[in-house]
Amino acid sequence: MFSLRSIFDSRPVQPVASKASILMKGSTEQVFRYLGDNFFENYPKWSPEVKELKQIGDQPMGSGVTARQVRVDGGHRSESKFRITLYEPNRSLAFAGISEPFHCMYEIQDEGREGLVKLIFTFELLEMKIFMRPFERLIRIAVQHGAERTVRNIKNLIEADADIATNTYDTESYTTTQTSDERRAG
């Protein structure tokens, strides 16, 4: 649990890294439009910890764009600036902290099956502050859970947008909901 050795250990701490992936309905174009082209509108939707997000400057979205975010994670408020480091339409989006040492990457892969795309999300906390070292194991677990939640949120949001845009709904889910409501009423 808590160890003074972990605080005063001078060895470099390995980055806290997590990776999660998920299959979703859609195309690489549709997923990138949501993640990349509409980043400033949608990022707070898939990462609800983001309370404020603002682009710094007015250049078009792409590599080199900088932003400022205010997050509330587990009750802890933090502010950071980051830069878009990779912007490959329909393939990948990455950004890295300027004021905090982190890196995020979203990779989009066509699964070769009609209408299925794989989203891979990687997050790295490149440096752990000394006061965080005793909690390293818990931080690693929390970061992994956060990565898994991120890909699930993105999938749910993109698929919901696609359903609304095409007015198609999963009839099996609708039937299940309807049956559950009928049971409650009866």
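Refer to the structure printed above.
The rules we used
- Residues numbered from 1 in each chain as written.
- Predicted model: local features only at pLDDT ≥ 70, side-chain atom pairs only at ≥ 80, totals over all residues.
- Heavy atoms only, no water.
- Helix = DSSP H or I, 4+ residues; strand = E, 2+ residues; numbered from the N terminus.
- Buried < 20%, exposed > 50% of the residue type's maximum accessible area, 1.4 Å probe, protein only.
- Contact = heavy atoms within 4.5 Å.
- Areas by Shrake-Rupley, 256 points an atom, 1.4 Å probe, with all protein chains shown as cover.
- Arc of directions from axis to C-beta.
- Pairing = 2+ DSSP bridges.
- Axes fitted to C-alpha atoms, helices over the stretch in contact; angles between N-to-C directions.
- Core = buried A, V, L, I, M, F, W, Y, C linked by side-chain atoms within 4.5 Å.
- Phe/Tyr/Trp six-rings, centres within 6.5 Å; stacked < 30°, edge-to-face > 60°.

Draft legend 1. How the structure looks around the overall build of the protein chain. In terms of regular secondary structure, the protein chain is built from five helices and seven strands. By the burial criterion, 32% of the 186 residues in the protein chain qualify as buried. In the protein chain, once contacts between residues fewer than 6 apart in sequence are set aside, the share between residues at least 24 apart is 49%. Of the roughly 11600 Å² of accessible surface on the protein chain, 53% is carried by carbon and sulfur atoms.

Draft legend 2. Examining helix 2 (residues 28-37) more closely. All buried positions along helix 2 are accounted for by Thr28, Val31, Phe32, Tyr34, Leu35 and Gly36. The arc enclosing the buried residues of helix 2, seen along the axis, measures out at 165°, which places them on a common side.

Draft legend 3. Quick peek at the pairing of strand 7 (residues 116-125). In terms of burial, strand 7 is largely enclosed, as seven of its 10 residues are buried. Pairing of strand 1 (residues 16-25) with strand 7, which is carried by 10 bridges, proceeds in the antiparallel orientation. Across the sheet, residue lysine 19 finds its bridge partner in strand 7, namely threonine 122. Pairing analysis gives nine bridges linking strand 6 (residues 102-110) to strand 7, with the strands arranged antiparallel. Residue pairing in the sheet places tyrosine 106 in a bridge with phenylalanine 121 of strand 7. Connecting the antiparallel pair strand 6 and strand 7 is a turn made up of five residues, with glycine 112 showing a positive phi of about 75°.

Draft legend 4. Spatial organisation of the sheet that holds strand 2 (residues 50-56). Taken together, the seven strands give an open sheet; going across it, the order is 1-7-6-5-4-3-2, and neighbouring strands pair in antiparallel fashion. If you trace the sheet from one side to the other, it starts and ends with strand 1 and strand 2, each paired once. Between one strand and the next, the sheet's axes are offset by a mean angle of 20°, whatever the strand orientation. On top of the sheet, helix 2 reaches strand 1, strand 4 (76-88), strand 5 (92-97), strand 6 and strand 7; it is set at about 160° to strand 6, its chief contact. Sheet contacts for helix 3 (residues 39-46): strand 2, strand 3 (66-73), strand 4, strand 5 and strand 6; angle to strand 2, the most-contacted strand, approximately 160°.

Draft legend 5. Looking closely at the nonpolar core. Core analysis: the largest hydrophobic core is formed by 36 residues, its most contacted members being Leu35, Phe95, Tyr106 and Leu119. Considering each element in turn, this core owes the most residues, six residues, to helix 4 (residues 136-166).

Draft legend 6. How the structure looks around unusual backbone geometry. Its identity is not glycine, yet asparagine 90 carries a phi of approximately 70°, on the positive side. Structurally, asparagine 90 can be placed in the loop between strand 4 and strand 5.

Draft legend 7. Molecular detail of the packing of aromatic side chains. Across all of its chains, the model carries 16 aromatic pairs by this definition. Taking the centre distance of 5.4 Å and the plane angle of 65° together, the rings of tyrosine 43 and tryptophan 46 count as edge-to-face. Of this pair, tyrosine 43 and tryptophan 46 are both found in helix 3, three residues apart, which corresponds to roughly one turn of the helix. Considered together, tyrosine 43 and tryptophan 46 belong to a single accessibility category, that of buried residues. Seen in terms of ring centroids, phenylalanine 95 and phenylalanine 102 are 6.3 Å apart; in terms of plane orientation they differ by 85°. Their pairing is edge-to-face. The two residues phenylalanine 95 and phenylalanine 102 agree in class, both being buried. What links up through ring pairs into an aromatic cluster is the set Tyr34, Phe39, Phe40, Tyr43, Trp46, Phe82, Phe95, Phe102, Tyr106, Phe121 and Phe123.

Draft legend 8. Representation of helix 3 in the model. Buried within helix 3 are the following residues: Phe39, Asn42, Tyr43 and Trp46. Along helix 3, the residues classed as buried sweep out an arc of 115° about the axis, all on the same side.

None of the figures reported here should be taken as evidence of function without further support.
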